[in-house]
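Descriptive structure summary
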Amino acid sequence: MDSLSDNALMLQVKEGQLEKLGLLFERYNKSLYGFFYRLTLDREVSEDLVQNVFLRMMKYKHTYKGDGQFKTWMYHMARNLFSDHYRKNKKMGYKEDVEVADKYFRNESNAESNRIQREEMDLLQHAMNQLTFEKKEVLILSKYQEMRYKDIADLLGITESAVKVRIFRALKDLKMVYMQLEATPSAQ
């Protein structure tokens, strides 16, 4: 059963086989967590949002048509959920989860290399947080979630060419902000 496509599994969920949602959860909970964590920088909020995506998928299973990619439909739900969360909390400046970052870097062997890598990652995250939501989102979807341009276009309701332009502009702005931050270490 594990070899069933995402679309086939979701169609089975739609027909009432709710246990199939567990397989989709196993396939996508980590990537959804990464998506939310990069937007919120909050471990608990990200975990809650992942759970809520699957609850919404169950609640709105009747809206799933099976044409197009399941992943696009799922991320559409995730975006709407995040939008609701953002509106409800009226904030975007989430705190960084130092504990998660420390666990990641503690596993590395070279302390100096870790320090440099941690500083670069912190600087990159700081630069990402200074981008507009639209630019940050398109970079997360393309670079971290590794979604294809066509799927991002479907998700955002724009053309593939527009996605390419948005990503190009977002990367250009990210590079500019990163270089400014790098030049002024006290700004971090």
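Numbering of residues starts from 1 in each chain and follows the order in which that chain's sequence is written. In keeping with the model being predicted, local features are shown solely for residues with a pLDDT of at least 70 and side-chain atom pairs are shown and tallied solely at 80 or more, while totals for entire chains, interfaces and linings include all residues. The side-chain quantities take in all heavy atoms of the structure and omit both hydrogens and water.

**A word on the overall build of the protein**
The helix count covers DSSP runs of H or I at least four residues long, the strand count covers runs of E at least two residues long, and both are numbered beginning at the N terminus. The helix and strand inventory of the protein stands at nine helices and zero strands. Mapped in sequence order, the helices and strands of the protein form the string α-α-α-α-α-α-α-α-α. In the protein, which comprises 188 residues, the proportion classed as buried is 36%. Throughout, a residue-residue contact means that at least one pair of heavy atoms, one from each residue, lies within 4.5 Å. For the protein, restricting intrachain contacts to residue pairs at least 6 apart in sequence, the fraction spanning at least 24 positions comes to 62%. All accessibility values rest on the Shrake-Rupley procedure with a 1.4 Å probe; residue burial counts only the protein chains present in the view. Total accessible area on the protein stands at roughly 11100 Å², and carbon and sulfur atoms take up 52% of it. Whether a residue is buried, partly exposed or exposed follows from its accessible area with a 1.4 Å probe, protein chains only, as a fraction of its type maximum: under 20%, in between, or over 50%, in that order.

**Describing the pattern of salt bridges**
By definition here, a salt bridge exists when the distance from a side-chain nitrogen of Lys or Arg to a carboxyl oxygen of Asp or Glu is within 4 Å. Here the structure, examined in full by the defined rule, presents seven salt bridges. Salt-bridge contacts for Glu 44 lead to Arg 43; the nearest nitrogen and oxygen are separated by 3.6 Å. A salt bridge links Arg 148 to Asp 151; the nearest nitrogen and oxygen atoms lie 3.2 Å apart. For Arg 148, a relative accessible area of 46% corresponds to the partly exposed category. Given a relative accessible area of 5%, Asp 151 falls into the buried group.

**Topic: the environment of Leu 155**
As for its placement among the helices and strands, Leu 155 is situated in helix α8 (residues 149-156). Judged by relative accessible area, which is 5%, Leu 155 ranks as buried. The spacing of Leu 155 and His 76 is 79 residues in sequence and 5.8 Å in space, taken between C-alpha atoms. Discounting residues that sit within four places of it in the chain, Leu 155 has contacts with Thr 72, Tyr 75, His 76, Arg 79, Leu 141 and Met 147.

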